[in-house]
Amino acid sequence: MMSPATKYTGRSASHRFQDSAASSCSAWKLLATIAVFLISIANCSEAGRESPSTNASVDRVRKIARVPLPPELAAGEQKYAIFCSGCHGIEGQGTDHGPPLVHKIYEPSHHSDLAFQRAAANGVRAHHWNFGDMPPIEGITSHDVTEITRYIRWLQRQAGIV
Ligand code: HEC
C-alpha cells in the first residue's frame, strides 16, 4: 500500500526526468543551428579567399594550352625542348634548374631578342634568381635561337605578358 509521500516522490521524479529531457533536446537543436551557421560562414569566407588566385593561375595555363601552336613555330618548339626546357621548363614555365621565361622580366622591353642570342652563345651569370649560372649552349646556331625566341614570344603573348 502506498503512502501519499511515496506517490508524491514518484510523480516528482518522473516530472524531473521529462523536464531535463525536454531541455537537453532544445540544447541539441541550438547546437545544431550554431553548427550549421558556422559551416555556412566558413564556406563563404573560404570561397571569397581562394577563388581570385585559383582563377588567375587556371586562366594562365588554359590560355597557353587552348590555342594550337601555329605550324611555323613547330621547329622553335622542338629546339626549345632539346636545348632549353631542361632548365626553363615545359612551355617556359620554369623548373628547379632555371627561371620561367614566360615571365614579365623576360618581355622584349627587358630582355630583347639579342639577350636570347647572347644567353645561348655566352651563358648567363646568375643575377636575377638563385638558380646558379646558365652555361653557354653547345651545338646551337643563331638561327636555332631565333626560332626558339619566336616560340617564347608567342608563349609570352598567350600568357598576356607582351
Ligand atoms: C642548365 C640550365 C639552363 C639551360 C639549358 C638554359 N638556361 Fe637560360 N637560364 C638559366 C638560368 C639559371 C638563368 C637565370 C640567370 C639569372 O638571371 O639568375 C637563365 C637565364 C636565361 C635568360 C635571361 C638572360 C639575361 O640576360 O638575364 C635567357 C634569355 C635564357 N636563359 C634563354 C635560354 C635559352 C633560349 C635556352 C636554350 C637555348 C636556355 N636559356 C637554356 C639556365 C639555363
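Not measured: the values here are computed from a predicted model.

Position of Gly 86 relative to the elements: it lies in helix α3 (residues 85–88). A tally of 11 C-beta atoms within 10 Å means that Gly 86 is categorised as exposed. Taking the C-alpha atoms as reference, Gly 86 lies 9.4 Å from Asp 96; in sequence the two are 10 residues apart.

Note that Cys 87 resides in helix α3. What makes Cys 87 partly exposed here is the crowd of 17 C-beta atoms within 10 Å. The spacing of Cys 87 and Phe 131 is 44 residues in sequence and 9.4 Å in space, taken between C-alpha atoms. Leave out the neighbours within four places in its chain, and Cys 87 touches Thr 95, His 97 and Gly 98.

Time to look at the packing of helix α2 (residues 74–83) against helix α5 (residues 142–158). Direction vectors running N to C along α2 and α5 enclose 105°, while the axes themselves pass 8 Å from each other. Between α2 and α5, the interaxial angle falls into the category roughly perpendicular. Residue-level inspection shows Ala 75, Gly 76, Glu 77, Lys 79 and Tyr 80 of α2 in contact with α5, the latter providing Asp 144, Glu 147, Ile 148, Arg 150 and Tyr 151.

One finds Ile 148, Tyr 151, Ile 152 and Leu 155 to be the most contacted residues of the largest nonpolar core, which totals 14 residues. When residues of this core are traced back to their parent elements, those giving at least two are α4 (113–122) and α5. Sort the elements by how many residues they give to this core and α5 lands first, with 6 residues.

Conventions used here
Residues numbered from 1 in each chain as written. Predicted model: local features only at pLDDT ≥ 70, side-chain atom pairs only at ≥ 80, totals over all residues. Helix = DSSP H or I, 4+ residues; strand = E, 2+ residues; numbered from the N terminus. Buried ≥ 20, exposed ≤ 12 C-beta atoms within 10 Å, placed from the backbone. Contact = placed C-beta atoms within 7 Å. Axes fitted to C-alpha atoms, helices over the stretch in contact; angles between N-to-C directions. Parallel < 35°, antiparallel > 145°, perpendicular 65-115°, else oblique. Core = buried A, V, L, I, M, F, W, Y, C linked by C-beta atoms within 7 Å.

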